[in-house]
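Okay, here's what each chain looks like letter by letter:
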Amino acid sequence: MSSSAIRCESLGRRFGRRWVLAHVDLEVARGDSLLLAGSNGSGKTTLLRVLAGLSRPSAGTVRILGRDPHSERLACRRLLSMVSHRSYLYDGLTAFETLRVWARLGGVAYADGELENLLDEVALTPHRDLPVGGFSSGMRKRLTLLRTRIEKPDVIFLDEPLAALDSGGKKLVERWIAREVEHGTTVVVASHAIPRMSRICRRALLLEEGQIAWEGSAADLPSQMEEPA
Amino acid sequence: MRVLGQIATLVRKDLLLEWRGRTRGLSVVLFGIVTLLLFSFAVGPDSAALRAGAAGFLVLALLLSSTLALSEGFRLEHENHALEGLLLAPVEPMALYYGKALSNTLFLILLAPILTPVAVILYAVDAGPATLVQVIGLWALAAAGLSAPGTLFAAMTSRLRSQDVLLPLLLFPLVVPVLLGSVKAIALVLGGDPMGQLSSWTVLLGAFDVIYWTLSGVLFTHVVEEGV
Amino acid sequence: MKRLRWDAIIGLVGLLMLLVGSYIGLFAAPPERHMGEVQRLMYVHVPTAWISMLVLTAAFGFAIASMWTGRPKWDAVMTGATETGVVLGALLTVQGMIWAKPTWGVWWDWDVRLTTTLIMVLFFTGVLVLRSYVAEPERRATWSAVAVIVGYVDVPLVYFCVRWFRSLHQVQSSPETVASTMITPLRINAFAMLFLAIWFVARRSRLELARLRRESVALPPRRAPRGTAVPEAPQEG
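Everything numeric in this text was worked out from a predicted model, so none of it was measured. (Residues numbered from 1 in each chain as written. Chains lettered and ligands numbered in written order. Predicted model: local features only at pLDDT ≥ 70, side-chain atom pairs only at ≥ 80, totals over all residues. Heavy atoms only, no water.)

Describing the overall build of chain A
Line of reasoning, step 1. Secondary structure summary: chain A contains eight helices and nine strands in total.
Line of reasoning, step 2. A globule of 229 residues ought to have a C-alpha radius of gyration of about 17 Å, and chain A, at 18 Å, matches this closely.
Line of reasoning, step 3. Along the first, second and third principal axes, the C-alpha set of chain A runs to 50 × 40 × 35 Å.
Line of reasoning, step 4. Considering chain A as a whole, with its 229 residues, one finds that 58% of them fall into the buried category.
Line of reasoning, step 5. Long-range pairs, those at least 24 residues apart, make up 67% of the contacts in chain A between residues at least 6 apart in sequence.
Line of reasoning, step 6. When the accessible surface of chain A is split by element, carbon and sulfur atoms take 49% of a total near 8900 Å².
Line of reasoning, step 7. Positive and negative charge centroids in chain A, built from 32 and 28 side chains respectively, lie 5 Å apart. (Helix = DSSP H or I, 4+ residues; strand = E, 2+ residues; numbered from the N terminus. Rg over C-alpha atoms; globule rule 2.2 N^0.38 Å. Buried < 20%, exposed > 50% of the residue type's maximum accessible area, 1.4 Å probe, protein only. Contact = heavy atoms within 4.5 Å. Areas by Shrake-Rupley, 256 points an atom, 1.4 Å probe, with all protein chains shown as cover. Lys, Arg positive; Asp, Glu negative; His and termini not counted. Charge placed at Lys NZ, Arg CZ, Asp CG, Glu CD.)

Right, dumping it as structure tokens:
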């Protein structure tokens, strides 16, 4: 069904003897926003990695905008972006050079001026020509967010986007995500910051031991999580 | 073609990072020089023996330095998981392979202008500039032959515990044709080639390069598929 | 008493044949004109050479099958064949040394095929070591299959370069041709080693497959999610 952005059927992922994900049935419509909640080890990160095509499912199927992220790699890559707690940065490159590499690899022509404007959006202009190795985690996160601006994806996955940020950084990321949701990008966020994220996302999913324990509207999630196990 | 542009971007990125982190390249060069020195100590002050073994010592120094260079090439990619970031971009894994293999080859070729004169001096070799240029050309073919399977194996071993041992264990037996071919060819260039065998050895080196640059490029896709 | 499996039967037949063939070769066949008794080693050496190459070629085929289908059974058979090939290759090298010492006075004479074998034994041992360091079964299967393919393609390259290398120096005759009257024990031993190799590969593969099966585990039972799916959001323009 091409109207859904993400569609999983009986998705499972096994590492050695352990099934980290099992029986995951999921459908996310285009332009929708989903919050993935669950304790550490519940499978949130693995689910995002499988959806992004970084990990192959051991069972079941995944479709991103109708395409299999594994067999139709390149087509899917153009449609999605992943913002992980891993920065994917090269410490030796400057902020500007990093953007330029991303732009060139993404196959989109960007003038230098446009890249500089992007740096300005996240207040990184003074650090334009400084190597990323010296950046704080907040600065790295801001730079990483710019990748979504360059790639202009239809689907964005975010894995713990607020981790290791101060309150100013957290607000920046929240505004960023909210703006993407407004623009109609499909957003899936895995996060522990339930109160903040449930305000931005429409739906929510609670994972327990790799399976979906609860799904519903994001507004109902905080009360759901307070219930005794 | 877009793929060529992506390869160019990746090579430029690697060269830029290499230039910024120059100490790494310097360490490999120094390692090469020390290796050449150690060989001369092992043989002793026998100029005839040194001269006879010069080609072999030079190629061995290249081989030993190559494992350092190859594993370093991937260490950068695993800092901050940058390689995974590349896999998330709309880049063919084959482009990733050729970009990395090309930058590894270039790095190894850059060792030649430094190590060759050192060898000439240490091993009392009688060689003019034209000869040295030929030597560097053969070195380039050898470097390409080492980098092709080397980049493939380094991609695998860089994530494993015993990477320092595994990479040479796999690479050294495999590149025996490169070792033999380049030693013979360089020896013929330095010592004279009465029977005109140079072309056969050069063809062997070239054939190895072509075969492995093709094969490794195809296989690399499968190596990074499971997420490196 | 446990019923014997098909490969154990083959292995037993192979062992018997080896005993018969070696007996003929050691005692019944006439000694070779030039080399004398030591040449009798050929009745084991030549078959080992044939079969080790065959097993390695089989490993190459299994590696391709493993990468193509992704099924663990091909990975298991590939591992069995690689290990067996390594053992046979090591055996070949030792036999070559035993032959060389009384014949040439040196343990190692850089014979083309033996040198190639030694190099390949080292490489494929490296592949087995690689396997032991990779914990995840799918990655282990893919990576070792890639390594086997890369290594097998190298065999002709190594062979030719060692041959050219040697031809520049004095040519020494290798343990090559055998007079036609002595073909029978050779053939017997060739099939004997083939059967023994099949038995080794089958046994080792079974072990590996059992290990892979032990590692794999069935899906846990499904737990139905609480809550209701939210009705779809209105489509944006």
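Moving on, there is more to tell.
Description of the overall build of chain C
Line of reasoning, step 1. Along its length, chain C carries six helices and zero strands.
Line of reasoning, step 2. Starting at the N terminus and ending at the C terminus, chain C contains elements arranged as α-α-α-α-α-α.
Line of reasoning, step 3. Taken across its 237 residues, chain C has 44% of its residues classed as buried.

Digging into the layout of surface pockets
Line of reasoning, step 1. Of the volumes computed, that of the largest pocket is approximately 670 Å³.
Line of reasoning, step 2. Taken together, 31 residues line the largest pocket, and the ones lying closest to its centre are Ser 66, Gly 70, Arg 71, Ala 141 and Thr 142 of chain C.
Line of reasoning, step 3. For the lining of the largest pocket, the secondary structure elements donating two or more residues are strand S1 (4–15) of chain A, helix H9 (198–225) of chain B together with helix H2 (42–69), helix H3 (72–104), helix H5 (137–167) and helix H6 (183–215) of chain C.
Line of reasoning, step 4. Of the residues belonging to the lining of the largest pocket, the class tally is eleven nonpolar, eight polar and twelve charged. (1 Å grid on protein atoms, 1.4 Å probe; cavity = no way out; pocket = protein on both sides within 12 Å on 5 of 7 lines; lining within 4 Å. Points joined across faces, edges and corners; volume = space filled by probe spheres on them. Nonpolar A, V, L, I, M, F, W, Y, C, P; charged D, E, K, R; others polar.)

Quick look at the interface of chain B and chain C
Interface size is commonly expressed as the accessible area that is lost once the parts come together.
Line of reasoning, step 1. Listed as interface residues are 29 residues of chain B and, on the opposing side, 30 residues of chain C.
Line of reasoning, step 2. Here chain B packs against chain C, burying approximately 2900 Å² in sum over the two surfaces, 81% of which is carbon and sulfur.
Line of reasoning, step 3. There are zero salt bridges connecting chain B and chain C.
Line of reasoning, step 4. Put simply, chain B and chain C have three residue pairs in polar contact (both at pLDDT 80 or more) between them.
Line of reasoning, step 5. Contributions of two or more residues to the side of chain B that touches chain C are made by helix H6 (129–157), helix H7 (163–174), helix H8 (176–191) and H9 of chain B.
Line of reasoning, step 6. With ten residues, H9 of chain B is the single largest residue contributor to the side of chain B that touches chain C.
Line of reasoning, step 7. Partitioning the side of chain B that touches chain C into residue classes produces 21 nonpolar, five polar and three charged. (Buried area = accessible area lost by both parts, 1.4 Å probe. Salt bridge = Lys/Arg side-chain N within 4 Å of Asp/Glu carboxyl O. Polar contact = N/O pair within 3.5 Å; in protein donor to acceptor, adjacent residues only side chain to side chain.)

Considerations on the interface of chain A and chain B
Line of reasoning, step 1. Each partner contributes to the interface: chain A provides 28 residues, whereas chain B provides 28 residues.
Line of reasoning, step 2. In this assembly, chain A packs against chain B so that about 2800 Å² is buried in total across both faces, 55% of it on carbon and sulfur atoms.
Line of reasoning, step 3. At the junction of chain A and chain B, the tally comes to three salt bridges.
Line of reasoning, step 4. Connecting chain A to chain B are 15 residue pairs in polar contact (both at pLDDT 80 or more).
Line of reasoning, step 5. Among the elements that take part in the side of chain A that touches chain B, helix H3 (residues 95–106) of chain A stands out by supplying five residues, more than any other.
Line of reasoning, step 6. For the side of chain A that touches chain B, the per-class residue count stands at ten nonpolar, six polar and twelve charged.

Side note on the packing of helix H5 (residues 93–122) of chain B against H9 of chain B
Residue and element names in this part refer to chain B.
Line of reasoning, step 1. Where H5 contacts H9, the two axes come as close as 8 Å, and the packing angle between them is 125°. Taken as axis vectors, H5 and H9 run oblique relative to one another. The chirality of how H5 crosses H9 is right-handed. Contacts between H5 and H9 pair Pro 93, Met 94, Leu 96, Tyr 97, Tyr 98, Ala 101, Leu 102 and Thr 105 from the former with Tyr 212, Trp 213, Thr 214, Ser 216, Gly 217, Val 218, Phe 220, Thr 221 and Val 224 from the latter.
Line of reasoning, step 2. Of the residues in the contact of H5 with H9, the class split is twelve nonpolar, five polar and no charged. (Axes fitted to C-alpha atoms, helices over the stretch in contact; angles between N-to-C directions. Parallel < 35°, antiparallel > 145°, perpendicular 65-115°, else oblique. Left-handed = near helix turned anticlockwise from the far one by under 90°.)

What about the sheet that holds strand S3 (residues 33–37) of chain A?
Residues and elements named next belong to chain A.
Line of reasoning, step 1. Pairing within the open sheet is mixed, and its six strands lie in the order S5-S6-S7-S3-S8-S9. At either end of the open sheet lies a strand with only one pairing partner, and these are strand S5 (80–83) and strand S9 (211–217). The sheet shows a mean angle of 15° between the axes of neighbouring strands, direction not considered.
Line of reasoning, step 2. Examined bridge by bridge, S5 and strand S6 (residues 155–159) share four bridges and lie parallel to one another. Note that in S6 the partner of Leu 80 across the bridge is Val 155.
Line of reasoning, step 3. Its contacts with the sheet place helix H1 (residues 44–52) against S3, S5, S6, strand S7 (186–190) and strand S8 (203–208), and it is angled at close to 150° to S6.
Line of reasoning, step 4. On top of the sheet, helix H6 (residues 167–182) reaches S3, S6 and S7; it is set at about 150° to S7, its chief contact. (Pairing = 2+ DSSP bridges.)

Comments concerning the nonpolar core
Line of reasoning, step 1. If you look at the biggest cluster of nonpolar residues, it comprises 145 residues, and the most contacted ones within it are Ile 6, Ile 64 and Phe 157 of chain A, Leu 36, Tyr 123 and Phe 153 of chain B together with Val 150 of chain C.
Line of reasoning, step 2. Among residues more than four places away in sequence, those in contact with Phe 157 of chain A are Ile 6, Leu 48, Leu 51, Ala 52, Ile 64, Leu 80, Ser 81, Met 82, Val 83 and Val 188 of chain A.
Line of reasoning, step 3. Core analysis: the next-biggest nonpolar cluster, separate from the first, contains 41 residues, Leu 145, Leu 165, Val 173 and Ile 177 of chain A among them. (Core = buried A, V, L, I, M, F, W, Y, C linked by side-chain atoms within 4.5 Å.)

Points about the packing of aromatic side chains
Line of reasoning, step 1. Summed over all chains, the structure comprises 15 aromatic pairs over all chains.
Line of reasoning, step 2. A ring pair is formed by Phe 39 of chain B and Phe 57 of chain B, whose centres lie 5.2 Å apart and whose planes are at 20°; its orientation type is stacked. In this pair, Phe 39 of chain B sits in helix H2 (residues 22–43) while Phe 57 of chain B sits in helix H3 (residues 47–78), placing the two residues 18 residues apart along the sequence. There is no split in this pair, since Phe 39 of chain B and Phe 57 of chain B are both buried.
Line of reasoning, step 3. Through a chain of ring-to-ring contacts, the aromatic side chains of Tyr 97, Tyr 98, Trp 213 and Phe 220 of chain B assemble into a single cluster.
Line of reasoning, step 4. The ring of Trp 19 of chain A is capped by Arg 14 of chain A, whose NZ or CZ atom sits 5.9 Å from the centre of that ring.
Line of reasoning, step 5. For the cation-ring pair, Arg 22 of chain B lies above Trp 19 of chain B, with the distance from its terminal atom to the ring centre recorded as 4.2 Å. (Phe/Tyr/Trp six-rings, centres within 6.5 Å; stacked < 30°, edge-to-face > 60°. Lys NZ or Arg CZ within 6 Å of the ring centre and 35° of its normal.)

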